[in-house]
Amino acid sequence: GHNRAAAALRSQGVMSNVELELRRRDGSIRIGRFAGGLMAGPNGEEIYTVMEDLTEARQTQEAVQQSLRYFQHLYRDSPVAIFIHHPETGELLDSNRRGWELYGCNSLEEIKEFEPWLDPPYSFEEALKLIRGSKREHSTEVMWKARRRDGAILWEQVQISRLEVCGEDVVF
(Lines give C-alpha, C1' and ligand atoms only; values in the text may rest on other atoms or scores of the structure.)
Protein backbone atom coordinates (compact mmCIF):
# COMPACT_ATOMS: atom_id res chain seq x y z
CA GLY A 1 0.00 0.00 0.00
CA HIS A 2 2.61 2.56 1.11
CA ASN A 3 4.88 1.57 -1.80
CA ARG A 4 2.00 2.11 -4.24
CA ALA A 5 1.39 5.62 -2.88
CA ALA A 6 5.10 6.49 -3.01
CA ALA A 7 5.40 5.13 -6.56
CA ALA A 8 2.44 7.22 -7.70
CA LEU A 9 3.98 10.33 -6.17
CA ARG A 10 7.37 9.69 -7.76
CA SER A 11 6.07 8.89 -11.23
CA GLN A 12 3.10 11.26 -11.54
CA GLY A 13 3.68 13.85 -8.85
CA VAL A 14 0.18 13.16 -7.46
CA MET A 15 -1.88 10.34 -6.05
CA SER A 16 -5.61 10.05 -5.45
CA ASN A 17 -8.00 7.47 -4.03
CA VAL A 18 -5.24 5.32 -2.61
CA GLU A 19 -6.52 3.22 0.27
CA LEU A 20 -4.08 2.23 2.97
CA GLU A 21 -4.21 0.55 6.35
CA LEU A 22 -2.28 2.39 9.04
CA ARG A 23 -1.23 1.01 12.40
CA ARG A 24 -1.44 3.56 15.18
CA ARG A 25 0.91 3.67 18.15
CA ASP A 26 -1.70 1.95 20.31
CA GLY A 27 -1.74 -0.95 17.80
CA SER A 28 -5.17 -0.18 16.34
CA ILE A 29 -5.61 -0.17 12.59
CA ARG A 30 -7.18 2.73 10.68
CA ILE A 31 -8.25 2.59 7.06
CA GLY A 32 -7.72 5.75 5.05
CA ARG A 33 -8.25 7.00 1.54
CA PHE A 34 -5.39 9.27 0.58
CA ALA A 35 -4.77 11.96 -1.97
CA GLY A 36 -1.52 13.85 -2.16
CA GLY A 37 1.12 15.42 -4.23
CA LEU A 38 4.48 17.09 -4.39
CA MET A 39 4.88 20.82 -3.93
CA ALA A 40 7.75 23.24 -3.61
CA GLY A 41 8.67 24.06 -0.04
CA PRO A 42 11.40 25.99 1.75
CA ASN A 43 13.64 22.89 1.80
CA GLY A 44 12.86 21.72 -1.72
CA GLU A 45 10.10 19.40 -2.81
CA GLU A 46 7.70 18.37 -0.04
CA ILE A 47 4.92 15.81 0.08
CA TYR A 48 1.44 16.83 1.16
CA THR A 49 -1.38 14.36 1.83
CA VAL A 50 -5.02 14.46 2.75
CA MET A 51 -6.63 11.44 4.37
CA GLU A 52 -10.30 10.53 4.63
CA ASP A 53 -10.72 8.11 7.54
CA LEU A 54 -12.84 5.19 6.33
CA THR A 55 -12.47 3.06 9.46
CA GLU A 56 -15.93 3.60 10.99
CA ALA A 57 -17.66 3.40 7.61
CA ARG A 58 -15.96 0.05 6.89
CA GLN A 59 -16.81 -1.27 10.36
CA THR A 60 -20.44 -0.24 9.88
CA GLN A 61 -20.49 -1.81 6.43
CA GLU A 62 -19.11 -5.08 7.84
CA ALA A 63 -21.66 -5.06 10.69
CA VAL A 64 -24.49 -4.58 8.18
CA GLN A 65 -23.15 -7.42 6.01
CA GLN A 66 -22.83 -9.70 9.04
CA SER A 67 -26.38 -8.86 10.12
CA LEU A 68 -27.65 -9.51 6.60
CA ARG A 69 -25.92 -12.92 6.52
CA TYR A 70 -27.39 -13.75 9.94
CA PHE A 71 -30.96 -12.92 8.92
CA GLN A 72 -30.60 -14.64 5.54
CA HIS A 73 -29.49 -17.76 7.42
CA LEU A 74 -32.44 -17.50 9.83
CA TYR A 75 -34.89 -17.13 6.95
CA ARG A 76 -33.37 -19.68 4.60
CA ASP A 77 -32.72 -22.40 7.18
CA SER A 78 -35.67 -21.83 9.52
CA PRO A 79 -37.48 -25.01 10.60
CA VAL A 80 -40.70 -23.01 10.11
CA ALA A 81 -42.23 -22.62 6.64
CA ILE A 82 -42.26 -18.96 5.64
CA PHE A 83 -44.26 -17.64 2.69
CA ILE A 84 -44.23 -14.01 1.55
CA HIS A 85 -47.24 -12.80 -0.47
CA HIS A 86 -48.18 -9.62 -2.28
CA PRO A 87 -50.79 -7.92 -0.03
CA GLU A 88 -53.31 -7.25 -2.83
CA THR A 89 -52.84 -9.97 -5.45
CA GLY A 90 -51.85 -12.78 -3.09
CA GLU A 91 -49.00 -13.68 -5.44
CA LEU A 92 -46.32 -15.77 -3.75
CA LEU A 93 -43.23 -13.55 -3.81
CA ASP A 94 -40.84 -15.72 -1.83
CA SER A 95 -40.61 -18.77 0.40
CA ASN A 96 -37.89 -20.46 2.37
CA ARG A 97 -36.76 -24.04 1.80
CA ARG A 98 -39.02 -25.40 4.56
CA GLY A 99 -41.99 -23.86 2.74
CA TRP A 100 -41.11 -25.65 -0.50
CA GLU A 101 -40.58 -28.93 1.31
CA LEU A 102 -43.91 -28.67 3.17
CA TYR A 103 -45.72 -28.81 -0.17
CA GLY A 104 -43.34 -31.39 -1.70
CA CYS A 105 -41.53 -28.93 -3.98
CA ASN A 106 -37.80 -28.52 -4.64
CA SER A 107 -37.48 -24.81 -5.44
CA LEU A 108 -39.14 -21.43 -5.21
CA GLU A 109 -39.99 -21.58 -8.93
CA GLU A 110 -41.64 -24.97 -8.47
CA ILE A 111 -43.79 -23.86 -5.55
CA LYS A 112 -44.81 -20.68 -7.39
CA GLU A 113 -46.16 -22.83 -10.25
CA PHE A 114 -47.91 -25.29 -7.92
CA GLU A 115 -51.62 -24.92 -7.07
CA PRO A 116 -52.23 -26.25 -3.52
CA TRP A 117 -55.76 -24.86 -3.33
CA LEU A 118 -58.86 -26.91 -2.58
CA ASP A 119 -62.57 -26.11 -2.77
CA PRO A 120 -63.98 -23.39 -0.48
CA PRO A 121 -63.36 -22.67 2.32
CA TYR A 122 -59.75 -23.56 1.38
CA SER A 123 -59.65 -21.98 -2.07
CA PHE A 124 -57.33 -19.27 -3.37
CA GLU A 125 -60.21 -16.78 -3.12
CA GLU A 126 -60.58 -17.51 0.61
CA ALA A 127 -56.81 -17.25 1.14
CA LEU A 128 -56.81 -13.94 -0.75
CA LYS A 129 -59.50 -12.57 1.59
CA LEU A 130 -57.27 -13.43 4.56
CA ILE A 131 -54.21 -11.91 2.89
CA ARG A 132 -56.01 -8.69 1.95
CA GLY A 133 -57.58 -8.48 5.39
CA SER A 134 -54.27 -8.72 7.21
CA LYS A 135 -53.32 -5.74 9.37
CA ARG A 136 -50.02 -4.44 10.66
CA GLU A 137 -49.25 -5.20 14.30
CA HIS A 138 -52.02 -7.79 14.37
CA SER A 139 -51.70 -11.34 13.12
CA THR A 140 -54.45 -13.76 12.23
CA GLU A 141 -54.12 -17.44 13.00
CA VAL A 142 -56.09 -20.09 11.10
CA MET A 143 -56.02 -23.81 10.49
CA TRP A 144 -55.62 -24.29 6.76
CA LYS A 145 -56.16 -27.34 4.59
CA ALA A 146 -54.17 -27.68 1.37
CA ARG A 147 -52.87 -30.22 -1.10
CA ARG A 148 -49.23 -31.31 -1.37
CA ARG A 149 -47.60 -31.87 -4.75
CA ASP A 150 -48.01 -35.67 -4.31
CA GLY A 151 -51.77 -35.20 -3.73
CA ALA A 152 -51.71 -35.78 0.03
CA ILE A 153 -53.89 -33.47 2.14
CA LEU A 154 -52.03 -31.17 4.52
CA TRP A 155 -53.41 -29.41 7.60
CA GLU A 156 -51.32 -26.55 8.87
CA GLN A 157 -51.59 -23.80 11.41
CA VAL A 158 -51.05 -20.54 9.52
CA GLN A 159 -50.21 -17.18 11.04
CA ILE A 160 -50.84 -14.24 8.71
CA SER A 161 -49.07 -10.93 9.37
CA ARG A 162 -48.58 -7.78 7.30
CA LEU A 163 -45.15 -6.18 7.48
CA GLU A 164 -43.26 -3.42 5.75
CA VAL A 165 -40.07 -4.75 4.20
CA CYS A 166 -37.76 -2.36 2.34
CA GLY A 167 -40.55 0.20 2.14
CA GLU A 168 -43.16 -2.17 0.70
CA ASP A 169 -46.02 -4.01 2.36
CA VAL A 170 -45.87 -7.80 2.22
CA VAL A 171 -47.86 -10.50 3.96
CA PHE A 172 -46.14 -13.37 5.78
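Right, let's walk through the structure included here.

Rules and cut-offs
Residues numbered from 1 in each chain as written. Predicted model: local features only at pLDDT ≥ 70, side-chain atom pairs only at ≥ 80, totals over all residues. Heavy atoms only, no water. Helix = DSSP H or I, 4+ residues; strand = E, 2+ residues; numbered from the N terminus. Rg over C-alpha atoms; globule rule 2.2 N^0.38 Å. Contact = heavy atoms within 4.5 Å. Areas by Shrake-Rupley, 256 points an atom, 1.4 Å probe, with all protein chains shown as cover. Pairing = 2+ DSSP bridges. 1 Å grid on protein atoms, 1.4 Å probe; cavity = no way out; pocket = protein on both sides within 12 Å on 5 of 7 lines; lining within 4 Å. Points joined across faces, edges and corners; volume = space filled by probe spheres on them. Nonpolar A, V, L, I, M, F, W, Y, C, P; charged D, E, K, R; others polar.

1. Considering the overall build of the chain
- Counting secondary structure elements, the chain contains 5 helices and 9 strands.
- The N-to-C order of helical and strand elements in the chain reads α-β-β-β-α-β-β-α-α-α-β-β-β-β.
- Against the 2.2 N^0.38 benchmark of 16 Å for 172 residues, the chain shows a C-alpha radius of gyration of 28 Å, more extended than a compact globule.
- A principal-axis box enclosing the C-alpha atoms of the chain has dimensions of 90 × 30 × 30 Å.
- Pairs at least 24 apart in sequence give 32% of the contacts found in the chain among residues at least 6 apart.
- Looking at the chain as shown, the accessible area adds up to about 11900 Å², and 51% of this sits on carbon and sulfur atoms.

2. Some thoughts on the pairing of strand 3 (residues 44–53)
- One ladder, built from 10 bridges, connects strand 2 (residues 29–41) with strand 3; its direction is antiparallel. Following the sheet pairing, Met39 is matched in strand 3 by Glu46.
- Turn length for the strand 2-strand 3 hairpin, with the two strands adjacent in sequence and antiparallel, is 2 residues.

3. Here we look at the layout of surface pockets
- In this structure, the largest pocket encloses a volume near 850 Å³.
- What lines the largest pocket is a set of 31 residues, and nearest its centre among them are Phe83, His85, Tyr103, Glu156 and Val158.
- Counting residues per element, the ones that place at least two in the lining of the largest pocket are strand 4 (83–85), helix 3 (97–102), helix 4 (108–113), helix 5 (124–132), strand 6 (140–147) and strand 7 (153–160).
- It is strand 7 that contributes the most residues to the lining of the largest pocket, 5 residues altogether.
- Partitioned by chemical class, the residues of the lining of the largest pocket number 22 nonpolar, 4 polar and 5 charged.

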